[in-house]
Amino acid sequence: MIYIFIIIFFWVLQSSAGEIGIKKPVLKNLPSEYISVFYAFLVDNFENVERFTPKKNYFYTIKPYLSSIAGSYNLCLDIYKNRNINRIICFSSKDAQDLSRKIDVLPEKIKFLSPIKKTEKYVYLKVLTFSKSFSSELKVTSQNGDILINYTSAKEFKGENVEHITVGNALINIDTVILNGAEASKIFDYILRGYRFKGILIIKTY
């Protein structure tokens, strides 16, 4: 009888502990549209996490802080164990593609995370713009200045039949494609989920 009690006790303990809870990210100097995109990605990218809810007891809880300084991304993860701060992991990334790759290898540092396997998919970025001129190499940023795509080759679209993702309402300032919050968050989402851009195709809409 006592063995049955012990089994039930540990089953209840395990079920009450739940999964690893991810708290809503705190963003600084980034478009507000990134919050929902980044939160959904963190939850979807690992097999054993869920959105944090105060009603559950988690063995581990993670609070993400993502900011941008001079175009680069800085990510810090406050890790709590049984509600007490356990450690803090921070790193910087030169652009969103670099950020995505570094998040994918986080389980090397955080052993209790189980990543969902994904493959990188290479596509072109098709940009609709009123801007009249552009450089042969462009980088893509949000209006906040964070670098989504670092310098890559760019040319005017000539009807090429290639896999692509389209953004509109873009402003090109010499060597930089600047996207509003909605368009930037769309690209941010694609990059986090494994898309990589091998070139930029410009469509002038004037």
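Everything numeric here is computed off the predicted structure, so don't read it as measured data. Going along each chain's sequence as written, the residues are numbered from 1 onward. The model is predicted, so local features are restricted to residues of pLDDT at least 70 and side-chain atom pairs to those at 80 or more, both for listing and for counting; the totals for chains, interfaces and linings are taken over all residues. No hydrogens and no water enter the side-chain calculation; it runs on all heavy atoms of the structure.

**A word on the overall build of the protein chain**
Condition: Counting from the N terminus, the helices are the DSSP runs of H or I reaching at least four residues and the strands are the DSSP runs of E reaching at least two. Three exposure classes are used, based on accessible area relative to the maximum for each residue type with a 1.4 Å probe and protein chains only: buried under 20%, partly exposed in between, and exposed over 50%. It only takes one pair of heavy atoms within 4.5 Å for two residues to be counted as in contact. As used throughout, the charge tally considers Lys and Arg to be positive and Asp and Glu to be negative, leaving His and the chain termini uncounted. A charged residue contributes its charge at one atom only: NZ of Lys, CZ of Arg, CG of Asp or CD of Glu.
What the protein chain contains, in helices and strands, is four helices and 12 strands. Each principal axis of the C-alpha atoms in the protein chain carries an extent, and together these give about 80 × 35 × 25 Å. Residues classed as buried in the protein chain amount to 44% of the 206 residues present. Of all intrachain contacts in the protein chain linking residues separated by at least 6 positions in sequence, the fraction that spans at least 24 positions is 68%. The averaged location of the 19 negative side-chain charges in the protein chain is 4 Å from the averaged location of its 28 positive side-chain charges.

**Re unusual backbone geometry**
Notably, Arg83 is not glycine yet its phi reads approximately 75°, a positive angle. In this model, Asn169 sits at a positive phi of 55°, which is unusual for a non-glycine residue. If you trace the backbone, Asn169 turns up in strand E10 (residues 164-173). According to the relative accessible area criterion, Asn169 is exposed, its value standing at 61%.

**Thoughts on the environment of Tyr206**
If you trace the backbone, Tyr206 turns up in the segment after strand E12 (195-204). The class for Tyr206 is exposed, based on a relative accessible area of 54%. Residues Tyr206 and Thr129, spaced 77 residues apart in sequence, show a C-alpha to C-alpha distance of 7.8 Å. Aside from chain neighbours lying at most four places away, what touches Tyr206 is Thr129, Phe130, Ser131 and Lys132.

**Description of the side chain of Arg196**
Which entries qualify depends on this criterion: Counted as a polar contact is a pair of N or O atoms within 3.5 Å, where, for protein atoms, one must be capable of donating a hydrogen and the other of accepting one, and residues adjacent in sequence contribute only when both atoms are in side chains.
Tracing the backbone through its elements, the reader meets Arg196 in strand E12. For Arg196, a relative accessible area of 2% puts it in the buried group. At 2.9 Å, the side chain of Arg196 and the backbone oxygen of Ile191 are in polar contact. Excluding anything up to four places from it in sequence, Arg196 contacts Gln97, Ser100, Arg101, Glu120, Lys121, Tyr122, Val123 and Ile191.

**A closer look at the packing of helix H3 (residues 96-104) against helix H4 (residues 181-192)**
So the rule is basically this: Axis lines are fitted through C-alpha atoms, for helices just across the contact stretch, and the angle between N-to-C directions can take any value from 0 to 180 degrees. Each crossing gets its hand from how the near helix is turned against the far one by less than a right angle, where anticlockwise is left-handed and clockwise is right-handed.
At a closest axis distance of 9 Å, the pairing of H3 and H4 adopts a crossing angle of 40°. Classified by chirality, the crossing of H4 by H3 is right-handed. Together, Ala96, Gln97, Leu99, Ser100 and Ile103 of H3 and Phe188, Ile191 and Leu192 of H4 make up the contact between the two elements.

**Looking at empty space enclosed by the protein**
The criterion, for reference: Computed over the protein atoms alone on a 1 Å grid, cavities are sets of points where a 1.4 Å probe fits but cannot get out and pockets are open sets with protein on both sides within 12 Å along at least five of seven lines; a residue lines them when it has an atom within 4 Å of a point. Grid points are joined across faces, edges and corners, and a volume is the space filled by probe spheres set on the points. Three residue categories are used. Nonpolar comprises Ala, Val, Leu, Ile, Met, Phe, Trp, Tyr, Cys and Pro, charged comprises Asp, Glu, Lys and Arg, and polar comprises the others, including Gly.
In this structure the tally under the stated criterion is one cavity of 30 Å³ or more. In this structure, the largest cavity spans a volume of roughly 70 Å³. Lining the largest cavity are Ile22, Leu42, Phe46, Val49, Ile62, Leu75, Leu77, Leu106 and Leu113. Looking at the lining of the largest cavity residue by residue, the classes come out as nine nonpolar, no polar and no charged.

**A short note on the pattern of salt bridges**
How we decide: A pairing counts as a salt bridge when a side-chain nitrogen of Lys or Arg comes within 4 Å of a carboxyl oxygen of Asp or Glu.
All told, the structure shown has 10 salt bridges when counted by the stated rule. For Glu120, the salt bridge identified is with Arg196, shortest N-O distance 3.2 Å. A residue pair is termed long-range when its members are at least 10 positions apart, and Glu120 in the loop between H3 and strand E7 (121-129) and Arg196 in strand E12 qualify at 76 residues. Residue class for Glu120 comes out partly exposed when judged on its relative accessible area of 36%. A salt bridge links Glu160 to Lys155; its shortest N-O distance comes to 3.6 Å. Classification of Lys155 as partly exposed rests on a relative accessible area of 46%. Counted as one network, the salt bridges with shared partners bring together Asp44, Asp189 and Arg193.

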